[in-house]
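# Working through the structure, step by step
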Amino acid sequence: MSDHITLHVARYRPEKASETTFDAFELPCPKEWVVLDGLNHIKDRMDGTLSYRWSCRMGICGSCGMLVNGEPKLACATFLSDYAPGPVRVEPLRNFPVIRDLVVEMGDFMSKLTRIKPWIVRQVEKPLSDGEYRQTPGELDEYKQFSMCINCMLCYSACPIYGLDPHFIGPAAIALAQRYNLDSRDEGAAERMQILSEHDGIWGCTFVGECTKVCPKHVDPAGAIQRYKLQSAVEWVKAFVLPRAAQ
Amino acid sequence: MRHNAVYTPYHPRWHRTRVSTYWWLGRWSYFLFILRELSSIFVAWVVIYLLVLVAAVSKSAVRYQQFLDWSRNPFMLSLNILSLLFIVLHAVTWFNLAPQAMVVHVGGRRLPGSLIAISNYAGLVAVSIVILGLLLIRW
């Protein structure tokens, strides 16, 4: 196996050019190096102007999402040696505006995230003196999978629906809504349903399923959306058959 | 943001790429998804075809014979074979996706997804056997 690999890195420098170009960098390729190590090597020793986001280096912070050979990946969890002998193409996440090089604008995702109220909603808060809200391991298991989301936005990058219709609220936001709906301590499901049953909510999803495939934390956003649809449909039928009970 | 805006550190100019009209050709899973969406047209065609069959049977033996002759022509045969392939694709993808949408608890335990998919296939086999049985008894 070659001990070097070439990275073709997308560069967007709005002060110089209005289009994206690619710069090639030849790097060492030790087997323990991930794409992020390669980018850090470029930044430190070859071209200090390269811009990208990163923080934890261990798949927790969700900052370093980018396209590696066209696939949405976390740069910190993608080994360069898996792509040997290369070359490897590194681009910013698809479906987002690019600010510079590999840095995308994520304001749209952040505003969608807050819309679905990703926190525990209580109709009446019990006094602190009553102690904590207790939960059984079984109740925890109901939502734990969806709570693993790290907001890395790989699912938005893989979703063609979001690419075609940026109003679509998107996979991670819906999975996080489901995370709180399924939490036994939460009472905000009806409020979230109002937002998610709109045209740009769950019904925008046509179940391509790519969001689940690219998720580095195995959250299964596609599953969350389909469960939400089923729940919404059941509630609609209930309201139709038993209009009084639904009120 | 206007495309002709002048870039300064405080007035960034974002780069946006348009999604290609042929985005679904770029990846096998996207292509399969489009085929699955397309299958709904063939499902609708089979429903219409069956309604025409029922109408022909209810009218007279002559109309039924005319229906059979119409169904025998190469175009109709090809269309119906293509429809069958699309309906199999529709059923298989639907059954495989069902576990993601359905969470079934039995005795406080969550059933594994594979069991939900298998029960769908078992249902398909059971219904097929019943229909085959009815046809064999008739003949």
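### Quick word on the overall build of chain A
- Check the secondary structure of chain A and you find ten helices and seven strands.
- With the principal axes as the frame, chain A shows a C-alpha extent of 70 × 40 × 35 Å.
- Relative to its full complement of 247 residues, chain A shows a buried share of 38%.

### Regarding the overall build of chain B
- Broken down by element type, chain B carries four helices and two strands.
- Taken from N to C terminus, the helices and strands of chain B fall in the order α-α-α-β-β-α.
- Over its C-alpha trace chain B gives a radius of gyration of 25 Å, far above what one expects of a compact globule, namely 14 Å for 139 residues.
- Relative to its full complement of 139 residues, chain B shows a buried share of 5%.
- Within chain B, counting contacts between residues at least 6 apart in sequence, those at least 24 apart form 41% of the total.

### Here we look at the environment of Cys211(A)
Residue and element names in this part refer to chain A.
- Tracing the chain through its elements places Cys-211 in helix H8 (residues 210-214).
- The exposure class assigned to Cys-211 is buried, which follows from the 30 C-beta atoms found within 10 Å.
- Between the C-alpha atom of Cys-211 and that of Gly-223, which follows or precedes it by twelve residues, the distance is 9.7 Å.
- Leave out the neighbours within four places in its chain, and Cys-211 touches Cys-155, Ala-158, Cys-159, Pro-171, Pro-221 and Ala-222.

### Some thoughts on the interface of chain A and chain B
- Contacts between chain A and chain B engage 22 residues on the former and 18 residues on the latter.
- Of all elements in the fold, only strand E6 (98-100), helix H5 (160-164) and helix H9 (221-241) of chain A reach the threshold of two or more residues within the side of chain A that touches chain B.
- Sorting elements by how many residues they give to the side of chain A that touches chain B places H9(A) first, with five residues.
- The residue inventory of the side of chain A that touches chain B, partitioned by class, reads eleven nonpolar, six polar and five charged.

### Some thoughts on the domain arrangement of chain A
All names here are of chain A.
- Annotation of chain A at the domain level lists domain 1 (4-104) and domain 2 (107-246).
- Just the C-alpha atoms count here: the centres of domain 1 and domain 2 sit 31 Å apart.
- Taken together, the eleven residues of domain 1 in the interface contact twelve residues of domain 2.
- Counted by class, the side of domain 1 that touches domain 2 contains six nonpolar, four polar and one charged residues.

### Some details on the nonpolar core
Residues and elements named next belong to chain A.
- Core analysis: the largest hydrophobic core is formed by 62 residues, its most contacted members being Ala-75, Cys-155, Ile-174 and Leu-176.
- For this core, the secondary-structure elements that each account for two or more residues are strand E1 (4-11), helix H1 (35-46), strand E3 (65-68), strand E5 (88-91), helix H4 (154-158), helix H6 (171-181), H8 and H9.
- Ranked by the residues each element gives to this core, the list is headed by H6, at seven residues.
- There are two domains that each give this core at least three residues, and those are domain 1 (4-104) and domain 2 (107-246).
- Apart from the residues within four sequence positions on either side, Cys-155 is in contact with Pro-171, Ala-172, Cys-211, Val-214, Cys-215 and Pro-221.

### Comments concerning H9(A)
- The terminal C-alpha atoms of H9(A), which comprises 21 residues, lie 30 Å apart, in line with the 30 Å expected from a rise of 1.5 Å per residue.
- If you check which residues of H9(A) are buried, you get Pro221(A), Ala222(A), Gly223(A), Ala224(A), Ile225(A), Gln226(A), Arg227(A) and Tyr228(A).

### Some thoughts on unusual backbone geometry
Residues and elements named next belong to chain A.
- With an omega of 5°, the peptide bond running from Ala-84 to Pro-85 counts as cis.
- Residue position: Pro-85 is located in the loop between strand E4 (71-74) and E5.
- Here Asn-95, not a glycine, exhibits a phi torsion of approximately 75°, which is positive.
- Along the chain, the position of Asn-95 falls in the loop between E5 and E6.
- The residue Asp-101 is not glycine, and still its phi comes out positive at about 45°.
- For Asp-101, the position within the fold is in the loop between E6 and strand E7 (103-104).

### Quick notes on the sheet that holds E5(A)
All names here are of chain A.
- Strand order across the open sheet formed by five strands is E2-E1-E5-E3-E4, with mixed pairing between neighbours. Since the sheet does not close on itself, it has two edges, and those belong to strand E2 (21-28) and E4, each with one partner. Across the sheet, the axes of successive neighbouring strands diverge by a mean angle of 35°, strand direction being ignored.
- Judged from the four bridges that link them, E3 and E4 form a sheet pairing that is antiparallel. Looking across to E4, one finds that Val-68 is bridged to Glu-71.
- Running over the sheet, H1 touches E1, E2, E3 and E5 and is turned about 95° from E2.

### Points about the pairing of E5(A)
Residues and elements named next belong to chain A.
- As paired elements, E1 and E5 share three bridges and run parallel to each other. Bridge pairing in E5 places His-8 opposite Arg-89.
- Note that E3 and E5 share two bridges and pair antiparallel. Residue pairing in the sheet places Leu-67 in a bridge with Glu-91 of E5.

### Considering the environment of Tyr180(A)
Residue and element names in this part refer to chain A.
- Mapping Tyr-180 onto the fold places it in helix H6.
- Looking at Tyr-180, the number of C-beta atoms within 10 Å reads 22, which means it is buried.
- When the C-alpha atoms of Tyr-180 and Lys-238 are compared, they prove to be 23 Å apart, with 58 residues separating the residues in sequence.
- Apart from the residues within four sequence positions on either side, Tyr-180 is in contact with Pro-118, Trp-119, Ile-120, Asp-186 and Gly-188.

The rules behind each value
Think of each chain on its own: its residues are numbered from 1, step by step along the sequence as written. The order in which chains are written sets their letters, starting at A; the order in which ligands are written sets their numbers, starting at 1. For a predicted model such as this one, the threshold for reporting local features is a pLDDT of at least 70, and the threshold for listing and counting side-chain atom pairs is 80 or more; totals across whole chains, interfaces and linings nevertheless cover every residue. Helix numbers and strand numbers start at the N terminus; a helix is a DSSP run of H or I with at least 4 residues, a strand a run of E with at least 2. A residue is called partly exposed when the number of other C-beta atoms within 10 Å of its own lies between 12 and 20, exposed at 12 or fewer, and buried at 20 or more, with C-beta atoms placed from the backbone. The atom set for the radius of gyration is the C-alpha atoms, and the globule formula is 2.2 Å times the number of residues raised to the power 0.38. We call two residues in contact if the C-beta atoms placed from their backbones are at most 7 Å apart. Three categories are distinguished: nonpolar for Ala, Val, Leu, Ile, Met, Phe, Trp, Tyr, Cys and Pro, charged for Asp, Glu, Lys and Arg, and polar for the others, with Gly belonging to the last. Domain delimitation in this document rests on an assignment produced automatically or drawn from a domain database. Any set of buried Ala, Val, Leu, Ile, Met, Phe, Trp, Tyr and Cys residues joined through C-beta atoms within 7 Å is what this text calls a nonpolar core. The span you would expect from a helix comes to 1.5 Å times its residue count less one. Should DSSP find at least two bridges between two strands, the strands are regarded as paired. In this description, a line fitted to the C-alpha atoms serves as the axis of each element, helices being fitted only across the stretch in contact, and the angle between N-to-C directions of two axes falls anywhere from 0 to 180 degrees.

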